[in-house]
Amino acid sequence: MATPIERFRRLLGEVYDLNAASSVLAWDQQVLMPPGGAEGRAAQLATLSSLAHTKFTSDEMGEALEAARQETDKLDADSDEARLVSEVGREYDKQRKVTAEWVAEFSRTTSLAHQTWQKAKADSDFGAFAPQLKPIFKLRRDYADFFKPYDHVYDPLLDDFEPGMKAAQVQEIFDDLRTHQVALVQAIADAGPTDGSMLHLHYPEAEQWAFGEAVIREFGYDFERGRQDKSAHPFTTSFGINDVRITTRFMEDFLPSALFATLHEAGHAMYEQGVKPDLARTPLADGASLAIHESQSRLWENLVGRSWPFWVRFYGRLQETFPAQLGGVSLETFYRAINKVEPSLIRVEADEATYNLHIMLRFELEKALMEDNLPVDDLPAVWNDKMQEYLGITPPNDAQGVLQDVHWSAGLVGYFPTYALGNLVACQWWERIAEAIPDLEKQVEAGKFDELLGWLRTNIHQHGRKFKPTELIERITGGGLSAEPYLSYLRTKFGGIYGLS
Ligand code: ZN
């Protein structure tokens, strides 16, 4: 007869399988599906997610959870089983608080809003989108109310992506960061322009694909348990720890686009490939949070992939791949070009030094909207004012301003901060890694990544979602989330490139 924990894990495995099947369908939708399949696919995804939700929030699950808890109360609180029970219990309680009516209304509203947003963005017409955005923020305030009492109305939303994180903490970190980051970007702008024109020559897709794939193989992305395909927007998806896939997109007139997207997604995917097998088919076979996930993608994309030692290793090979385009370009010139800092309008195209400013702007607006302190109709004007204040530029239209991101149309509020927090966390890890592997730069220069990946596997990847993000940061750094390592990284790197004092 099955033990209570076995019974609990069997139920969780069934929910996991339903979600994994949804992920396969969603992957297919973005990679292979012909346009005609859209309607049928939406119905299939809705059916599967509703089955998964019903099963996860069922009384049967509640009873299995309770029975498992009685067993794990006798175990070490940090054992896999005890952590599994406490994490599932947390999620179960959260999901049971939200009414079915709210879920249905939210799903209806956001699917309608998504279509409206696409058209409004194409027409650069915020006025067409505003009537759909108002009910989304109203629904999000209602959602927060399910979790009263809270310190701030934004907290329950943030908690969905960063368990345990509070809006006040994010605000404090961002306040600390903003003035320093604005000053750094200004100093770089004053240092004069950088030539990036060679990156805009013609770079055929096939060679770009082969080069990027060779690099991530050397990083340690396992193609026996993954694959890379093309999609409109790069993403990583997991159907289990032995099938973690990535996608990328190619721009033949801009070399960095596909290459760094490939390194970024491989960073996400190596995280999930590294989760220990004991956690498979449970909710713990996942990243600790979005920020921790993003710390892994940014680490491989930026701290490794945009670093000097990395290009000492790979630039010769890139020149051999593209002799006509790069044969006459020195390593120094190329390195400056891929690290060019320039205030820009579009978040997803922003460089390392300006990126977080785009996030702070969104966080402040989301918070004001959730507090009901900012009318939706005022968004474009406030957006443009803040862009001028933080980045010194004003969007010429709403498509390149307030309408650029998909998140709000999908009801994703509280998501943006995780991107910026991921950058900070990556730099906190990096300082620890440099202590643990004193010749790290030499290893990267020699194309040796196994010790680096091994450190990440041991300290982060194997645990999956077992520890809360704040616990993981504490275990590794001995302290909390901090902006200082990130600022110091930016100052050292860009101070060197731009000759700042
Ligand atoms: Zn990412």
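None of the values given here were measured: they were computed from a predicted structure.

Engineer: Provide a residue-level description of the environment of I359, including the pertinent values.
Structural biologist: Counting through the fold element by element, I359 comes out in helix α15 (residues 355-370). It is 7.9 Å that separates the C-alpha atoms of I359 and R347, two residues lying 12 residues apart in sequence. Excluding anything up to four places from it in sequence, I359 contacts F174, R347, F416, P417, Y419 and A420.

Engineer: I'd like a rundown of the sheet that holds strand β3 (residues 244-248), residues and numbers included.
Structural biologist: In spatial order, the strands read β1-β3-β2; together these 3 strands make up an open sheet with mixed pairing. Both edges of this open sheet fall to β1 (228-230) and β2 (236-238), since each of them pairs with a single strand only. Along the sheet, successive strands turn relative to each other by an average axial angle of 30 degrees, direction set aside. The sheet contacts of helix α9 (residues 205-219) involve β1 and β3, and relative to β1 the element is tilted by about 150 degrees. Where helix α10 (residues 255-273) meets the sheet, its contacts fall on β1, β2 and β3, and the angle it forms with β3 comes to roughly 170 degrees.

Engineer: Tell me what's going on with the coordination of the zinc ion, and back it up with residues and numbers.
Structural biologist: Ideal values for angles at a metal depend on the geometry: 109.5 degrees with four tetrahedral donors, 90 or 180 degrees with six octahedral donors. Only H264 (NE2), H268 (NE2) and E294 (OE) from the protein reach the zinc ion as donors, at distances of 2.1 to 2.3 Å. Between consecutive donor residues of the zinc ion, the sequence gaps follow H-x3-H-x25-E. One end of the pair is H264 and the other is H268, both in helix α10 and 4 residues apart, which spans about a single turn. In this structure, H264 and H268 share a single accessibility class: buried.

Engineer: Can you tell me about the layout of surface pockets, naming the residues and giving the values?
Structural biologist: Approximately 560 Å³ is the volume found for the second largest pocket. The wall of the second largest pocket is formed by 23 residues, among which L303, S307, W430, E441 and Y489 lie closest to the centre. If you list the elements that add at least two residues to the lining of the second largest pocket, you get α11 (290-304), α12 (308-321), α17 (417-436), α18 (440-445) and α21 (484-498). The greatest single-element share of the lining of the second largest pocket, amounting to 7 residues, is contributed by α21. A per-class count over the lining of the second largest pocket returns 15 nonpolar, 5 polar and 3 charged.

Engineer: Please give an account of empty space enclosed by the protein that cites residues and values.
Structural biologist: Gaps between atoms show up when a probe of the same size as a water molecule is rolled over them. Within the structure shown, the criterion is met by 4 cavities of 30 Å³ or more. Within this model, the largest cavity holds a volume of roughly 80 Å³. Contributing to the lining of the largest cavity are W117, F129, W383, G401, V402, L403, Q404, D405, H407, W408, S409 and F416. Among the residues making up the lining of the largest cavity, the classes are represented as 7 nonpolar, 4 polar and 1 charged.

Cut-off values and rules
Residues numbered from 1 in each chain as written. Predicted model: local features only at pLDDT ≥ 70, side-chain atom pairs only at ≥ 80, totals over all residues. Heavy atoms only, no water. Helix = DSSP H or I, 4+ residues; strand = E, 2+ residues; numbered from the N terminus. Contact = heavy atoms within 4.5 Å. Pairing = 2+ DSSP bridges. Axes fitted to C-alpha atoms, helices over the stretch in contact; angles between N-to-C directions. Donors = N, O, S within 2.8 Å, 3.2 Å for Na, K, Ca; no water. Buried < 20%, exposed > 50% of the residue type's maximum accessible area, 1.4 Å probe, protein only. 1 Å grid on protein atoms, 1.4 Å probe; cavity = no way out; pocket = protein on both sides within 12 Å on 5 of 7 lines; lining within 4 Å. Points joined across faces, edges and corners; volume = space filled by probe spheres on them. Nonpolar A, V, L, I, M, F, W, Y, C, P; charged D, E, K, R; others polar.

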